[in-house]
Structures are given as C-alpha cells and as structure tokens.
Amino acid sequence: MLGVLVQLGLLVLFAVVAVTVFVVGDRLRPKSWRHSDDQGAGHMMLDLVNMFFAAIVAFVVVVLWQQYDTSHEHTVTEGKALVSVYETAAQMPEPDRTQIQALVKDYTKQVVGDEWRVMDQQRRLSPAAQATLDDLREAVAAAPAADADAKATQDKAMTAVEAIADARYDRGLDAGYRLPGFLYVALWFATVMLLFGTVLSGVVVTKRSILMTGLFGLVIGAVIVAIYQLDQPFSGGDHVSRDAYEQALSRFEHIASTAPAASANPR
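A brief look at the structure comes next. This one's a predicted model, so the numbers in the text were calculated from it and none came from an experiment.

**Describing the overall build of the chain**
Each helix and strand counted, the chain has eight helices and zero strands in total. Going from the N terminus to the C terminus, the chain shows its helices and strands as α-α-α-α-α-α-α-α. Residues counted as buried form 30% of the 267 residues belonging to the chain. Relative to all contacts within the chain whose residues are 6 or more apart in sequence, the contacts with residues 24 or more apart total 79%. For the chain, the accessible surface area stands at approximately 16,500 Å², while carbon and sulfur atoms represent 65% of it.

Next comes the structure, spelled out in structure tokens:
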C-alpha cells in the first residue's frame, strides 16, 4: 500500500512540476513566442498524446510478440525431443521398445488433445499428460543396460526425456503468462487520453468528423483487441499452433512403418 501511495505521490509531483515549468516559463519567454489563443497548446497536447499512445503500443506489442515467439520455440523443442526418444527407443529390445514408443505417442496425443484444451480454457497444464510423462521417464530409466551400447542408448533416451520435461515446464509458464498489469494501466490511460483528444481539439461536429472519429475508434479498438489476443499464447484467436506435435506424430508413423525393415538387420 505504501508503494502505491509513493507512486501516486510521484505522479502528482510530476504534474506540479510540469505546471510550474509552464507558468514560470511563460513569464520568462519572449512575447513573440506566445499564441493569441490556446490552439497551439491543444495541438501540442494532441501530439504528445499520440506519441505516448504509439510508444506504449509499440512497447507492448514487442514484449508480447517476443513471448509469443518464445512459446512457439518451446513447443518446437519439445516436439524434437519427443521424436528423439521415439527414434532412440527403436534401438532397444522388446518389450521396452514397444512400451516406450507407446508412451511417447500417448503423451504427444494428450498434449495436442486434452492438454491443449486445458491450456486454452484454464491457462495451465494437464495432470494426466504429466502422469504419462512420468511413466515414460520411469520406463526409460528401467530399460536394461547390459552392455556399453545399451547404456549409451538408454542415456540418449533419458537426455531426450529430460529435454521434454524442461520444455514442458517452460510451456506451462508460457500458458500462464500475462502482460504486467502496469502496462495495461498505461495502455488504457493512453487510450482514454487519445479518445478525449477529439474533444480537446475543438473539432466541429459534422457528418464528416463523426465518420472520421468512428474510423479512428475502430483502429484503436483493433489495436486493443490484437494486444489482448497476443497476451494469450495458448488461447484466444492467435494462439501458438500445434504443428510441432502434429509433425512429431507424423514422424512416429514414418518410423513405425520402416521398423520391420530396420529390424531385419539386428544390431
């Protein structure tokens, strides 16, 4: 509470300083710099509001786009690790090969199915998918390592499983991410100032000015909607795609289809 009061006090202080500079400066500046009315001040204020709104929007969009891009990278990392485990399991003897590959496939299907809906609706991960990943980790850890080659295969699979777990953890953080509240406050404050700028500008109300103001409002609304959409990387209209996992499932099918030919040459 004390921190909020300090911040409000700073805002008031800046307002007082701005007014003081304006009044004192008016007494010191040459008369030739003065306008006969407040039209110049109105234009200056509108320019400042426009710059403030543009700066806030640009900063927010950059922050959200970086988060969106990072969220997509995490899904790609997880998808690659899933394929790595599935491919490595193909080098293991039965029944470990079938068990591990089945768990990898089940987990991937859970992610693109139930878990994606949970992230969309609840902004969190699915406990069922986590349980499947835990079973996969246990299955890889329990795989026999009778010789050096088997041990190397098991270590490679376990490294990929840990990569899946790390990417999943990051994806969970991404699903719950929200833009800091103070940026939304600044955005809405700039929006209100921008909308009231049409009043302060002194424009006469005509059919043309009404049409232009309506289009102006549509543009502002589109910007706000786009920002809220970007703030939900795994939900909303512009969410991160499931391409990495769908590509992994396609790769699983390819590996499975070539498994008989590969098994014809025992290691």
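Moving on from the model shown.
**Thoughts on the pattern of salt bridges**
Counted under the stated rule, the structure contains 11 salt bridges. The partner of Arg-168 in a salt bridge is Glu-115, with the nearest N and O atoms 2.8 Å apart. Residue Arg-168 is found in helix H5 (residues 148-175), and its partner Glu-115 is found in helix H3 (residues 96-122); the two are separated by 53 residues along the sequence. For the pair formed by Arg-168 and Glu-115, the shared burial category is buried. Residue Glu-162 is joined to Arg-137 by a salt bridge in which the shortest nitrogen-to-oxygen separation is 3.3 Å. Highlighted residues: Glu-162 in helix H5 and Arg-137 in helix H4 (residues 127-141), separated in sequence by 25 residues. Where salt bridges share partners, they join Glu-78, Glu-115, Arg-168 and Arg-171 into one cluster.

**As for the environment of Ala-141**
Assignment of secondary structure puts Ala-141 in helix H4. By relative accessible area, which is 47% here, Ala-141 ends up partly exposed. Separated by 16 residues in sequence, Ala-141 and Ala-157 place their C-alpha atoms 9.0 Å apart. Those residues in contact with Ala-141, other than ones at most four positions away along the chain, are Gln-154 and Met-158.

**Structural notes on the packing of H3 against H5**
One way to put it is that H3 packs onto H5 with a least axis distance of 12 Å and a crossing angle of 15 degrees. By the angle class used here, H3 and H5 are roughly parallel. For the pair H3 and H5, the crossing hand works out as right-handed. For the pair H3 and H5, the contacting residues are Tyr-107, Val-111, Glu-115 and Met-119 in the first and Ile-164, Arg-168, Arg-171 and Ala-175 in the second. Partitioned by chemical class, the residues of the contact of H3 with H5 number five nonpolar, no polar and three charged.

**Some thoughts on unusual backbone geometry**
Residues Glu-94 and Pro-95 are joined by a peptide bond in cis, for which omega reads 0 degrees. A positive phi angle is found at Arg-123, which is not glycine, with a value near 60 degrees. Note that Arg-123 resides in the loop between H3 and H4.

**Describing the packing of aromatic side chains**
For the structure shown, the criterion picks out six aromatic pairs. Ring plane angle 15 degrees and centroid distance 5.2 Å describe the contact between Trp-65 and Tyr-68, whose orientation is recorded as stacked. You can see Trp-65 and its partner Tyr-68 sitting in helix H2 (residues 39-89), three residues apart, about one turn around the helix. Accessibility expressed as a relative area gives 49% for Trp-65, which makes it partly exposed. Of the residues examined, Tyr-68 reaches a relative accessible area of 18% and is grouped as buried. Aromatic side chains Trp-116 and Phe-234 sit 5.4 Å apart centroid to centroid with 85 degrees between the ring planes, which places their arrangement in the edge-to-face category. With Trp-116 in helix H3 and Phe-234 in the loop between helix H7 (207-230) and helix H8 (243-263), the pair connects residues that are 118 residues apart, well separated along the chain. A relative accessible area of 4% places Trp-116 in the buried class. Joined through ring pairs, the aromatic side chains of Trp-116, Phe-234 and Tyr-245 make up one cluster.

**Focus on H5**
With 28 residues, H5 should reach 40 Å at 1.5 Å per residue; the first-to-last C-alpha distance of 40 Å fits that figure. For H5, the set of buried residues is Thr-153, Gln-154, Ala-157, Ala-160, Val-161, Ile-164, Ala-165, Ala-167, Arg-168, Arg-171, Asp-174 and Ala-175. The N-cap of H5, judged by a side-chain oxygen 3.3 Å from the amide nitrogen of Asp-149 a few residues on, is Asp-147.

**Here we look at the packing of H3 against H4**
Across the interface, H3 lies against H4 with an axial gap of 9 Å and an inter-helix angle of 165 degrees. The angle between the axes of H3 and H4 places the two elements in the roughly antiparallel class. Two packed elements cross with a definite hand, and for H3 against H4 that hand is left-handed. From H3, Gln-99, Ile-100, Leu-103, Val-104, Asp-106, Tyr-107, Gln-110 and Glu-115 reach across to H4, where they touch Ala-128, Ala-129, Thr-132, Leu-133, Asp-135, Leu-136, Ala-139 and Val-140. Residue composition of the contact of H3 with H4, grouped by class: 10 nonpolar, three polar and three charged.

Parameters at a glance
- Residues numbered from 1 in each chain as written.
- Predicted model: local features only at pLDDT ≥ 70, side-chain atom pairs only at ≥ 80, totals over all residues.
- Heavy atoms only, no water.
- Helix = DSSP H or I, 4+ residues; strand = E, 2+ residues; numbered from the N terminus.
- Buried < 20%, exposed > 50% of the residue type's maximum accessible area, 1.4 Å probe, protein only.
- Contact = heavy atoms within 4.5 Å.
- Areas by Shrake-Rupley, 256 points an atom, 1.4 Å probe, with all protein chains shown as cover.
- Salt bridge = Lys/Arg side-chain N within 4 Å of Asp/Glu carboxyl O.
- Axes fitted to C-alpha atoms, helices over the stretch in contact; angles between N-to-C directions.
- Parallel < 35°, antiparallel > 145°, perpendicular 65-115°, else oblique.
- Left-handed = near helix turned anticlockwise from the far one by under 90°.
- Nonpolar A, V, L, I, M, F, W, Y, C, P; charged D, E, K, R; others polar.
- Phe/Tyr/Trp six-rings, centres within 6.5 Å; stacked < 30°, edge-to-face > 60°.
- Expected span 1.5 Å × (residues − 1).
- Polar contact = N/O pair within 3.5 Å; in protein donor to acceptor, adjacent residues only side chain to side chain.

In short, geometric facts, not functional conclusions.
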